[in-house]
Amino acid sequence: MPKSLPQCFALLAAALLTSTPAWAQAPAADGHAAHHTAAANAQQADLSEGEVTRVDAAALKVTLRHGELKNLNMPPMTMVFRVQDAALLAPLKAGDKVRFRAEQIKGAYYATRIEKAQ
Ligand SMILES: [Cu+2]
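Reading the values: rules and limits
- Residues numbered from 1 in each chain as written.
- Predicted model: local features only at pLDDT ≥ 70, side-chain atom pairs only at ≥ 80, totals over all residues.
- Heavy atoms only, no water.
- Donors = N, O, S within 2.8 Å, 3.2 Å for Na, K, Ca; no water.
- Tetrahedral: all angles 85-135°; square planar, octahedral: opposite > 155°, others 65-115°.
- Helix = DSSP H or I, 4+ residues; strand = E, 2+ residues; numbered from the N terminus.
- Salt bridge = Lys/Arg side-chain N within 4 Å of Asp/Glu carboxyl O.
- Buried < 20%, exposed > 50% of the residue type's maximum accessible area, 1.4 Å probe, protein only.
- pLDDT = per-residue confidence, 0-100.
- Contact = heavy atoms within 4.5 Å.

## Comments concerning the coordination of the copper ion
Ideal values for angles at a metal depend on the geometry: 109.5 degrees with four tetrahedral donors, 90 or 180 degrees with six octahedral donors.
Alright, step 1. Distances from the copper ion to its protein donors, His66 (NE2), Met74 (SD), Met77 (SD) and Met79 (SD), fall at 2.0 to 2.6 Å.
Alright, step 2. Angles of 102 to 118 degrees at the metal separate the 4 donor atoms of the copper ion, which places the site in the tetrahedral class.
Alright, step 3. Sequence positions of the residues that donate to the copper ion give the spacing H-x7-M-x2-M-x1-M. With histidine 66 in strand β2 (residues 61-66) and methionine 77 in strand β3 (residues 77-82), this pair connects stretches of sequence that are 11 residues apart.

Following this line, the structure appears as structure tokens:
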């Protein structure tokens, strides 16, 4: 059905146009973007509050008791995050207060940046 092709392209273009502005949102619009989807906020660089409860460097995992993760639309809880580099975990031990960046990558939760909070 060659006649339907241009319409498909038009729909695709429309979908792309409406889904692009995610990264264009102002990062610090106070409370304004809290209800947007996880996908729309995946690029946000905001750090979240957390406390280390367990470090498993061999498994590239860290358990964090975290505050609200606005970019993932997640309430406060204790959960395991993966890390891509064991070096992120080297300075950490249970009880450390941290600020970290949480991201969902291919369905798994990762801490892509972890800083000690003082
Ligand atoms: Cu969580």
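After that view of the structure, there is still more to cover.
## What about the pattern of salt bridges?
Alright, step 1. The tally for this structure, following the rule as stated, stands at 7 salt bridges.
Alright, step 2. When the shortest N-O distance is used, the salt bridge between lysine 116 and aspartate 96 registers 3.3 Å. Of the two residues, lysine 116 sits in strand β5 (residues 108-116) while aspartate 96 sits in the loop between β3 and β4 (97-105), which places them 20 residues apart along the sequence.
Alright, step 3. A single network of salt bridges, built from pairs that share partners, joins Glu51, Arg65 and Lys97.

## Side note on unusual backbone geometry
Alright, step 1. Phi at asparagine 73 takes a positive value of approximately 55 degrees, unusual for a residue other than glycine.
Alright, step 2. Along the chain, asparagine 73 turns up in the loop between β2 and β3.
Alright, step 3. With a phi angle near 50 degrees, lysine 106 is a residue other than glycine that sits in the positive phi range.
Alright, step 4. By the secondary structure assignment, lysine 106 is in the loop between β4 and β5.
Alright, step 5. Since its relative accessible area comes to 86%, lysine 106 is described here as exposed.

## Some remarks on the confidence of the model for the protein chain
Alright, step 1. Across the protein chain, pLDDT averages 78, with 62% of residues at or above 70.
Alright, step 2. Low pLDDT, under 50, characterises residues 20-44; the stretch is placed with 20 contacts to residues that sit more than four places away or in other chains.

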